[in-house]
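# Examining the three-dimensional arrangement
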Amino acid sequence: MKMGKLYIVGIGPGSKEQRTIKAQEVLEKSNVIIGYNTYLRLISDVLGGKKEVIGARMKEEIFRANTAIEKALESDNTVALVSSGDPQVYGMAGLVFDLIARRKLDLDVEVIPGVTAALAAAARLGSPLSLDFVVISLSDLLISREEILHKVTKAAEADFVIVFYNLINENLLIEVMDIVSKHRKPNTPVGLVKSAYRNNENIVITTLSSWKEHMNEIGMTTTMIIGNSLTYSYKNYMITPRGYERKYEL
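Residues numbered from 1 in each chain as written. Predicted model: local features only at pLDDT ≥ 70, side-chain atom pairs only at ≥ 80, totals over all residues. Heavy atoms only, no water.

### Observations regarding the packing of aromatic side chains
For the structure shown, the criterion picks out two aromatic pairs. Residues Tyr 36 and Tyr 39 carry aromatic rings whose centres are separated by 5.0 Å and whose planes lie at 85° to one another, so their mutual orientation is edge-to-face. Grouping residues by exposure puts Tyr 36 and Tyr 39 together as buried. Between Arg 124 and the ring centre of Tyr 197, over which it is positioned, the NZ or CZ distance is 3.9 Å. (Phe/Tyr/Trp six-rings, centres within 6.5 Å; stacked < 30°, edge-to-face > 60°. Buried < 20%, exposed > 50% of the residue type's maximum accessible area, 1.4 Å probe, protein only. Lys NZ or Arg CZ within 6 Å of the ring centre and 35° of its normal.)

In structure tokens form, the structure reads like this:
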């Protein structure tokens, strides 16, 4: 039996301008589009015509993934399952492939990469990710608090620039920032980008000693970037030099 095709599409941080050309093409040609309701609102420009649009609420990821697979198993369907940012970075790709593998399906699946929150936020801040960095989710819904704290400790010890996603647990955020503070100077730059490239975007550059003053800017759509020992601030920019100034005379 002929089956359709499933695309797992990264729509980037939100605005149409930040989607890739490939993502736009796939969304336009798909006849079935599935996603979290908020993400569907962000791509309303491609939802017209005879497309079947299936929305879901938060914490319905398994429903979204299974529905996308079932729709793609139907003949001639071109299905787009959308994720914000990039589908592999805390997105839907891992879950879809896991379900396909568990069911031993032979399904044509393609991941369309997108600009993930770390890159979008960093671009708004200047150049904080010019050296090695780590991305850590602070959501303890699927990962234990102890595991998160362990990862943060190791990242802070290794002097990585650290990007925090999913800042939904205030107590856990305070706890991990206390850990980072043990390994970084008080004046270490901290960038907070809320709703990058969306209408209510807000950008703050503060320090490790003063970040709590901006708690009102922290939430599910906020990405936090903490500099390493080399990161500094200049005007409205957060800069992590790569090392050219040490190797060459600038």
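### A look at the pattern of salt bridges
Per the stated rule, a full pass over the model turns up 15 salt bridges. Among the salt bridges present, the one from Arg 102 reaches Asp 98, with a minimum N-O distance of 3.1 Å. Taken together, the residues span about one helical turn, with Arg 102 and Asp 98 both in helix α4 (residues 93-103) at a distance of four residues. Put simply, Lys 5, Asp 108 and Glu 110 are held in one network by salt bridges that share partners. (Salt bridge = Lys/Arg side-chain N within 4 Å of Asp/Glu carboxyl O. Helix = DSSP H or I, 4+ residues; strand = E, 2+ residues; numbered from the N terminus.)

### Notes on the environment of Ile 148
On the secondary structure map, Ile 148 appears in helix α6 (residues 145-157). Judged by its relative accessible area of 2%, Ile 148 is buried. Separated by twelve residues in the primary sequence, Ile 148 and Ile 136 place their C-alpha atoms 7.8 Å from one another. If we skip the residues at most four places from it in the chain, Ile 148 touches Ser 137, Leu 138, Ser 139, Asp 140, Ile 143, Leu 172 and Val 176. (Contact = heavy atoms within 4.5 Å.)

### Quick notes on the sheet that holds strand β1 (residues 5-10)
Spatial ordering of the open sheet is given by β3-β2-β4-β1-β5, a layout of five strands whose pairing is parallel. Each of the sheet's edge strands pairs with one partner strand only, and the pair in question is β3 (52-56) and β5 (108-112). The mean inter-strand angle of the sheet, taken between neighbouring strand axes irrespective of direction, is 15°. Pairing of strand β2 (residues 32-36) with strand β4 (residues 78-83) involves three bridges; the strand directions are parallel. Paired with Ile 34 across the bridge in β4 is Leu 81. (Pairing = 2+ DSSP bridges. Axes fitted to C-alpha atoms, helices over the stretch in contact; angles between N-to-C directions.)

### Digging into the nonpolar core
Phe 164, Val 176, Met 177 and Met 224 are the most contacted members of the largest nonpolar core, which totals 25 residues. Element by element, the count of residues in this core is highest for helix α7 (residues 170-181), at six residues. Among all residues touching Met 224, those that are not within four sequence positions of it are Ile 162, Val 163, Phe 164, Leu 167, Leu 173, Met 177, Val 190, Gly 191, Leu 192, Trp 211 and Ile 218. Within the second largest apolar cluster, 19 residues are counted, among which are Leu 6, Ala 65, Ile 69 and Met 92. (Core = buried A, V, L, I, M, F, W, Y, C linked by side-chain atoms within 4.5 Å.)

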